[in-house]
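# Working through the structure, step by step
Listed below, chain by chain, are the residues.
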Amino acid sequence: MSSAAQLAQTTLAAPFTGGVCDLSKRTYFADTVAGAITFTFVNRPADCMVFEVEVNLISGTMTWPANVRWVWGGALPQNLQAGKIHLFQFRRPQSTGTDQWLGAYQGNY
């Protein structure tokens, strides 16, 4: 099997089952949310500085870890419409030296 065929068969995104993003497995997570979900980020390798979460929002609410500092004035993601895809990116700042993520989002696709 060619490497292109192998890549086509490989799932590039891991599901965030129960809201858990296991950073030791992937850095791209995608799943559907239909109800309330609380995200947690676990098992971060030392070299993991960025990861992304893609949410197909059917219904419900999303709660993020307390160590996420949202860009654009610290505002939590707002006006996320059901029936749309929402993309979130988390970057670990090197300058703070703390267990913190900077979160950014693009919503309503």
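Residues numbered from 1 in each chain as written. Predicted model: local features only at pLDDT ≥ 70, side-chain atom pairs only at ≥ 80, totals over all residues. Heavy atoms only, no water.

Buried together is how nonpolar side chains tend to be arranged in soluble globular proteins. Formed by 22 residues in total, the largest nonpolar core has its most connected members in Phe16, Phe39, Phe41, Val53, Val55, Phe88 and Phe90. Those elements that place two or more of their residues in this core are strand S2 (28-34), strand S5 (50-59), strand S7 (68-70), strand S8 (84-91) and strand S9 (101-106). Excluding residues that lie within four positions of it along the chain, Phe88 makes contacts with Phe51, Glu52, Val53, Val55, Met62, Trp64, Trp70, Pro77, Leu80, Ala104 and Tyr105. (Core = buried A, V, L, I, M, F, W, Y, C linked by side-chain atoms within 4.5 Å. Buried < 20%, exposed > 50% of the residue type's maximum accessible area, 1.4 Å probe, protein only. Helix = DSSP H or I, 4+ residues; strand = E, 2+ residues; numbered from the N terminus. Contact = heavy atoms within 4.5 Å.)

Turning next to the confidence of the model for the protein chain. Of the residues in the protein chain, 88% have a pLDDT of 70 or more, and the chain-wide mean is 87. Segment residues 1-9 is flagged for pLDDT under 50; beyond a separation of four residues in sequence, or across chains, it makes 3 contacts in the model. (pLDDT = per-residue confidence, 0-100.)

A word on a nonpolar patch on the surface. A surface patch of nonpolar side chains, amounting to about 260 Å² of accessible area, comprises Ile85, Leu87 and Tyr109. By the secondary structure assignment, Ile85 is in strand S8. (Patch = residues over 30% accessible without salt bridge, like charges linked within 9 Å, V, L, I, M, F, W, Y side chains within 5 Å. Areas by Shrake-Rupley, 256 points an atom, 1.4 Å probe, with all protein chains shown as cover. Salt bridge = Lys/Arg side-chain N within 4 Å of Asp/Glu carboxyl O.)

This brings us to the pairing of S5. Pairing of S2 with S5 involves 7 bridges; the strand directions are parallel. The partner of Asp31 across the bridge, within S5, is Val55. The pairing of S5 with S8 spans 8 bridges and is antiparallel. Looking at S8, one finds that Glu52 is bridged to Gln89. (Pairing = 2+ DSSP bridges.)

The next subject is the sheet that holds S2. Strands sit in the order S2-S5-S8-S9-S7 across an open sheet of 5 strands; the sheet is mixed. Two strands close off the open sheet at either side, each with one partner strand: S2 and S7. With direction set aside, neighbouring strand axes in the sheet form an average angle of 30°. (Axes fitted to C-alpha atoms, helices over the stretch in contact; angles between N-to-C directions.)

The topology assignment puts Phe41 in strand S4 (residues 40-42). Contact partners of Phe41, with chain neighbours within four places excluded, come to Cys21, Leu23, Phe51, Trp64, Pro65, Val68, Phe90 and Trp101.

What follows concerns the packing of aromatic side chains. With the rule as written, the count across this model stands at 15 aromatic pairs. Relative to Phe51, the ring of Phe41 lies with its centre 4.8 Å away and its plane at 75°, an arrangement referred to as edge-to-face. With Phe41 in strand S4 and Phe51 in strand S5, this residue pair connects regions lying 10 residues apart in the sequence. According to the relative accessible area criterion, Phe41 is buried, its value standing at 16%. Accessibility expressed as a relative area gives 1% for Phe51, which makes it buried. Ring centres of Trp64 and Phe90 lie 5.4 Å apart, and the angle between their planes is 40°; this geometry places the pair in the tilted category. Here Phe90 lies in strand S8 and Trp64 lies in the loop between strand S6 (62-63) and S7, a separation of 26 residues in the sequence. The residues Trp64 and Phe90 share a single accessibility class, namely buried. Clustering of aromatic rings is evident, with ring pairs tying together Phe16, Phe29, Phe39, Phe41, Phe51, Trp64, Trp70, Phe88, Phe90, Trp101 and Tyr105. (Phe/Tyr/Trp six-rings, centres within 6.5 Å; stacked < 30°, edge-to-face > 60°.)

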